Amino acid sequence: MIEIRFHGRGGQGAVTAAQILAKAAFYDGKFSQAFPFFGVERRGAPVMAFTRIDDKKIRLRSQIYEPDYVVVQDPTLLDTIDVTSGLKKGGKIVINTNKDIKLEGYDTYTIDATDVALEVLGLPIVNTVILGAFTGVTGEVTIDSLKKAIMDTFPKKLGEKNAKAAEVAYNMIKEE
Amino acid sequence: MSKVKIITGTSAAAEAARLCDVDVISAYPITPQTTCVEKLAEFVANGELDAEFIKVESEHSAISACIGASATGARTFTATSSQGLALMHEVLFIASGMRLPIVMMNANRALSAPINIWNDQQDSISQRDTGWIQIYAADNQETLDSIIQAFKIAENEKVLLPVMVNLDGFILTHTVEPVELPDEEEVRDFVGIYEPKHAYLDPDRPITQGPVGVPSCYMESKYNVQNAMNNAEKVIMDVNEEFAKKFGRKYGNGLIETYNIENAETVLVAMGSVCGTIKEVIDDLKQEGKEYGLLRIRTYRPLPINHIREALKNAKNIAILDKDITFGMNKGAVYTDLAGFLKDKKTTNYIVGLGGRDIRQDDIKEIMKHAEKAEDGETKWMGLKEQ
Amino acid sequence: MVTVGTIIYEPGNSTNKTGSWRVFKPIMDKDKCVMCENCFIFCPEGCIKEKDGKFEIDYDYCKGCLICVNECPVKAISSIREEK
Amino acid sequence: MTEKQFPREEYLASGHRGCAGCGAAIIVRQALKAAGKDTIVVNATGCLEVMTTPYPETAWRVPWIHVAFENAAAAASGVERAIKVLQRKRKKYANKKINVIAFGGDGGTADIGFQALSGAMERGHNMLYIMYDNEAYMNTGIQRSSSTPLLASTTTSPVGTVIKGEDRPKKDMAMIIAAHGVPYVATACLSYPEDFMNKVKKACEIEGPAFIHALQPCTTGWKYDPKYTVKIGRLAVETGVFPLYEIKNGEFKITYRPLKRKPLNEYVKLQKRYRHLTDKDIEMLQKYIDERCKLLGL
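Treat the numbers as computed from the prediction; the structure is a model and nothing was measured.

Considering the domain arrangement of chain B
Residues and elements named next belong to chain B. Here chain B is partitioned into domain 1 (3–247) and domain 2 (256–381). Across the domain 1/domain 2 interface, buried area totals approximately 2100 Å², and carbon plus sulfur atoms make up 51% of it. The interface formed by domain 1 and domain 2 holds four salt bridges in total. Glutamate 142 is paired through a salt bridge with arginine 296; the nearest N and O atoms lie 3.0 Å apart. Connecting domain 1 to domain 2 are 19 residue pairs in polar contact (both at pLDDT 80 or more).

The following block contains the structure:
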């Protein structure tokens, strides 16, 4: 079973990202589950969301403490939160930042998702962009399934734009 | 055509109500149920469900309007959680006493104070004696399937009791996972149309519903409810079978579900989503050559006493998990219910997951180990921090 | 046997004879009555009924409140002590 | 008078257990004669419910439901919407206009049922709510409600050595409901059956929520000879204690205007709940009533 943790701020769509990833895995023929960290956070506050992916039906209902992957949607979170908490040794972490960051002991990937989002979507909403990067980095889901999952999460036009944004990020990170 | 969607538990509940073509919905928002009524409001607003949605000003009015609607002959659905369910309390007795087959989704959440929006089962457990059938779902698929079954159970002429389908707050309500949505036509064929013979208000048949139950009739009236509960046991099993035949899924015998119980001396008894985690642990330990079993109580009311006793007949150590507490007794309600008819067994009670305290696999392992050795019968509060 | 849901299926079957409650008894003088309907519409029991164009008091149910006596504009209803 | 003024059909059967001279029974008889057969009654817990339905007997000849004390308006909401959806989806109650009438006492309406009532009125259900106001909790033995008038004695607003009767004025339910913007609000009294029944008819005909605040003299709670139920109701109106008006689509209209308002004394002297009043008390009350009548243009 693969476990992924998303870090974001309330309103940035971390929960939606976790759900889209779960959908994408399902379209790949796998079983999946996604859930938010059940907090009391409001818009702007740090939030977490989780995805589990497995080849068999997922029955586990506890929270995720030792993820295989971590996704960080907002670089400012790095200052206040231990984003690598519990991350498995050598685990991959994908961070939205325009800086070159390396986190000791982990496979760190960076992408300026805000820039991509502004360019493709015209909005600084990074959740689909960073999912594209995550897909490129990990290969845990296929880019086609990710795009499909994005398309059926948003209304038609918005879905197309977001799928495009994910693909741009996917290609960018692949080329690195 | 059935189709699989990745949806939350509350969406699954809303989808079930839509598939059952409910006539009247009356509900009030409360975390973590809210997304269910939002979804239903959306269905009605988009014409995907032809129903009247009464946007009441409280849960008390929600269930009261449900009674009015059901007593007029409409298929009626509501949803709530925690404080909302507690606010409904007095009216819940009235729904069962009037024999109205209302179906409710309850998102299990802790009760104040301190205020807490997270999961435990104190809310529905506290409504144990209201005469409602109580089903506890273990995942989102079961939530959807149970609500469909609930209408068929509730509206059965031998039953005619309201049904509460419980799902763990956040753990299921806010988790997305694959859920198969059965074909609408097939569901409607399965549940049929609600055509009450006993209770409906019609000027051409002026009946009096909810009269004064004088001492000469009150006991009989309540005995009727108990009889209906007795009948419900078989009806729930039959509906579970019938559902399996039509839709290919079943939940134990409808009343209880067992897992690896035949190989195990130590058996855990639990309700709701934690059973998934327990199964996972059982499978892990099996690989290490250790055998543990699970008895999941799916139907808490009627409590299937004979089925539980039979399932546990070979168990040596019985660990009963409660997401609730009976203050002043230091036991959970499930434990106190079961202890009465498992007198010859060694039973230990574990209070778990109150107010959203996560139940980890390690907690389950600890319970298993503890139950094997426990002698004193003391209740153990799992994960309690030192004060 | 108590019905399912304790429902009463026979409308208006409250046939218990509340006339036995009476201490005073209204007596209607049909000749004086002008059919103004005051007694009829003010009776809490609905036991003043029209029969053959005249009002009659149904003593099976009249509790003897004497509203009719008090509201009759032509004094067609008088009261006496109930004899038991 | 040759033409029949009032319908002969009875929808509340004799044999109910109301007190001799019960005003609530008169209100129900009159209201149902006006509403007719195609009516469903929702009843809050209270005297009316208790006295009419000791199982297995019922005084009701229309379909009737009682759920609890504080939720008649909510239960009626459910009945009304169920009729609507069943007419639409299942062709039940086809081609029939069904009146949904809720009866609640002052406690079940102005106090414990206030929230449910406010919700139902605000939501626009096509129903009529009739508050039969006997100005205290009569079913439990004459305790004060928010509808108990100033200085009236009840068991929880007793005449003591320090406090003499109810110390708060009566809550104005009709105006509160009018503020909800519902299409029809009226006050009524059983002593004016034509006026009351006209209002019930209008309330049933109008689309949307309607509310009638009906004053109901209570022989037991107000402590008077049962034969005076109608007379005391009439005096309440003639003195201006309980003015009769309606507010139809926002338009206020006095429906009965006494030629000359009678002095309050005539009203209070018949009721033992007021027997402790001094001349000064009556003067104070008279002034209070005069001011209120002035506001209404009476």
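Having seen it, we continue.
Topic: the side chain of Thr10(B)
Residue and element names in this part refer to chain B. Tracing the backbone through its elements, the reader meets threonine 10 in helix α1 (residues 9–19). Within the structure, the side chain of threonine 10 is placed 3.4 Å from the backbone oxygen of threonine 173, a separation counted as a polar contact. Ignoring sequence-local partners within four residues, the contact set of threonine 10 consists of Pro32, Gln33, Thr35, Cys36, Met105, Leu167 and Thr173.

Digging into the arrangement of the chains
Left apart from each other, chain A and chain C have a closest C-alpha approach of 40 Å. Across the gap from chain A to chain D, with no contact made, the nearest C-alpha atoms are 29 Å apart.

Digging into helix α7 (residues 193–205) of chain D
Look at α7(D): 18 Å from first C-alpha to last across 13 residues, which is about the 18 Å you get at 1.5 Å a residue. Listed in full, the buried residues belonging to α7(D) are Pro193(D), Asp195(D), Phe196(D), Met197(D), Lys199(D), Val200(D), Ala203(D) and Cys204(D).

What to know about the interface of chain B and chain D
Contacts between the two partners involve 44 residues from chain B, matched on the other side by 44 residues from chain D. Taken together, both faces of the contact between chain B and chain D bury some 3400 Å²; the carbon and sulfur share is 57%. At the junction of chain B with chain D, the criterion picks out 12 salt bridges. The salt bridge involving Lys89(D) is made with Asp23(B); its shortest N-O contact spans 2.9 Å. In this structure, the connection of chain B to chain D is made through 23 residue pairs in polar contact (both at pLDDT 80 or more). Those elements that place two or more of their residues in the side of chain B that touches chain D are β3 (52–54), α3 (59–70), α4 (82–97) and β9 (208–209) of chain B. In terms of residues, the side of chain B that touches chain D owes the most to one element, α3(B), which gives seven residues. For β9(B) and strand β2 (residues 64–66) of chain D, the ladder comprises two bridges, and the chain directions are parallel. Its bridge partner being in β2(D), Thr208(B) is matched across the sheet by Trp64(D).

Some points on the nonpolar core
Of all hydrophobic cores here, the largest spans 65 residues; its most connected members are Ile63(B), Ile67(B), Val42(D), Tyr129(D) and Phe211(D). Excluding its chain neighbours within four sequence positions, the residues that come into contact with Ile67(B) are Val91(B), Ile94(B), Ala95(B), Met98(B), Leu100(B), Ile102(B), Ile65(D) and Val67(D). Ranked by size, the runner-up nonpolar core spans 59 residues in total, among them Ile48(C), Phe55(C), Ala186(D) and Ala188(D).

Points about the environment of Cys204(D)
Within the element layout of this structure, Cys204(D) appears in helix α7. Other than its neighbours up to four places away in sequence, Cys204(D) contacts Ala35(D), Lys97(D), Asn99(D), Ile101(D) and Leu128(D).

Some remarks on the sheet that holds strand β6 (residues 107–111) of chain A
All names here are of chain A. Reading across from one edge, β2-β3-β1-β4-β5-β6 is the order of the six strands in this open sheet, with mixed pairing throughout. The sheet terminates laterally at β2 (31–36) and β6, the two strands that pair on one side only. Across the sheet, the mean angle separating the axes of adjacent strands is 15° when strand polarity is ignored. Alignment of strand β1 (residues 2–9) against strand β3 (residues 46–54), held across eight bridges, turns out to be antiparallel. Within β3, the position partnered with phenylalanine 6 by the bridge is alanine 49. Contacts between helix α1 (residues 14–27) and the sheet are confined to β1, β2 and β3, with β3 contributing the most and set at about 10° to the helix.

What to know about the interface of chain B and chain A
Contacts between the two partners involve 26 residues from chain B, matched on the other side by 21 residues from chain A. Roughly 2100 Å² of surface becomes buried between chain B and chain A when both sides are summed, with 56% attributable to carbon and sulfur atoms. Inspection of the chain B/chain A interface yields four salt bridges. A salt bridge links Asp139(B) to Lys57(A); its shortest N-O distance comes to 2.9 Å. For the pair chain B and chain A, the interface holds 11 residue pairs in polar contact (both at pLDDT 80 or more). Among the secondary structure elements, those contributing two or more residues to the side of chain B that touches chain A are β1 (3–7), β8 (177–181) and α9 (274–287) of chain B. Of the residues belonging to the side of chain B that touches chain A, the class tally is 12 nonpolar, seven polar and seven charged.

Remarks on the sheet that holds β3(B)
Residue and element names in this part refer to chain B. Pairing is mixed across the open sheet formed by seven strands, whose spatial order is β3-β2-β4-β5-β7-β6-β13. This sheet does not close on itself; its edge strands, each paired only once, are β3 and β13 (299–301). On average, adjacent strands in this sheet sit at an angle of 20° to one another, irrespective of strand direction.

Describing the packing of aromatic side chains
By the definition in use, this model includes 16 aromatic pairs over all chains. Ring plane angle 90° and centroid distance 5.3 Å describe the contact between Tyr69(A) and Phe134(A), whose orientation is recorded as edge-to-face. Highlighted residues: Tyr69(A) in strand β4 (residues 69–72) and Phe134(A) in helix α4 (residues 127–138), separated in sequence by 65 residues. As far as burial versus exposure is concerned, Tyr69(A) and Phe134(A) are alike and both buried. Look at Tyr129(D) and Phe211(D): their rings are 5.9 Å apart centre to centre, the planes differ by 20°, and that puts the pair in the stacked class. Here Phe211(D) lies in strand β6 (residues 210–215) and Tyr129(D) lies in strand β4 (residues 128–133), a separation of 82 residues in the sequence. An aromatic cluster is present here, built from Phe190(B), Phe243(B) and Phe247(B) joined pairwise through their rings.

Some remarks on helix α3 (residues 113–120) of chain A
Residue and element names in this part refer to chain A. For α3, every residue scored as buried is listed here: Ala113, Val116 and Ala117. What you see down the axis of α3 is that its buried residues fit within an arc of 100°, all on one side. The elements touched by buried residues of α3 are β5 (92–96), β6, α4 and α6 (156–175). The first or second residue beyond α3 is glycine 122, which carries a positive phi of 75°.

Topic: the confidence of the model for chain B
Scored by pLDDT, chain B comes out at a mean of 97, with 100% of its residues at no less than 70. The least confident element of chain B, judged by mean pLDDT, is β1(B) at 96; the most confident is strand β6 (residues 133–136) of chain B at 99.

Digging into the pairing of β6(D)
Residue and element names in this part refer to chain D. Most of β6 is tucked away, with six of its six residues classed as buried. Because side chains alternate across β6, one face comprises the buried residues Ala210, Ile212 and Ala214, and the other comprises Phe211, His213 and Leu215, equally buried. Relative to β6, β4 is paired through six bridges, and the arrangement is parallel. The partner of tyrosine 132 across the bridge, within β6, is alanine 214. Here strand β5 (residues 184–189) runs beside β6; their pairing, made up of six bridges, is parallel. Its bridge partner lying in β6, tyrosine 184 is registered against alanine 210.

Considering the pairing of strand β8 (residues 251–256) of chain D
Residue and element names in this part refer to chain D. Alignment of strand β7 (residues 244–248) against β8, held across five bridges, turns out to be antiparallel. Residue pairing across strands places tyrosine 245 opposite isoleucine 254, the latter belonging to β8. If you look at the hairpin formed by β7 and β8, you'll find two residues sitting between the two strands, and asparagine 249 has a positive phi there, around 45°.

Cut-offs applied
- Residues numbered from 1 in each chain as written.
- Chains lettered and ligands numbered in written order.
- Predicted model: local features only at pLDDT ≥ 70, side-chain atom pairs only at ≥ 80, totals over all residues.
- Heavy atoms only, no water.
- Domains from an automatic or database assignment.
- Buried area = accessible area lost by both parts, 1.4 Å probe.
- Salt bridge = Lys/Arg side-chain N within 4 Å of Asp/Glu carboxyl O.
- Polar contact = N/O pair within 3.5 Å; in protein donor to acceptor, adjacent residues only side chain to side chain.
- Helix = DSSP H or I, 4+ residues; strand = E, 2+ residues; numbered from the N terminus.
- Contact = heavy atoms within 4.5 Å.
- Expected span 1.5 Å × (residues − 1).
- Buried < 20%, exposed > 50% of the residue type's maximum accessible area, 1.4 Å probe, protein only.
- Pairing = 2+ DSSP bridges.
- Core = buried A, V, L, I, M, F, W, Y, C linked by side-chain atoms within 4.5 Å.
- Axes fitted to C-alpha atoms, helices over the stretch in contact; angles between N-to-C directions.
- Nonpolar A, V, L, I, M, F, W, Y, C, P; charged D, E, K, R; others polar.
- Phe/Tyr/Trp six-rings, centres within 6.5 Å; stacked < 30°, edge-to-face > 60°.
- Arc of directions from axis to C-beta.
- pLDDT = per-residue confidence, 0-100.

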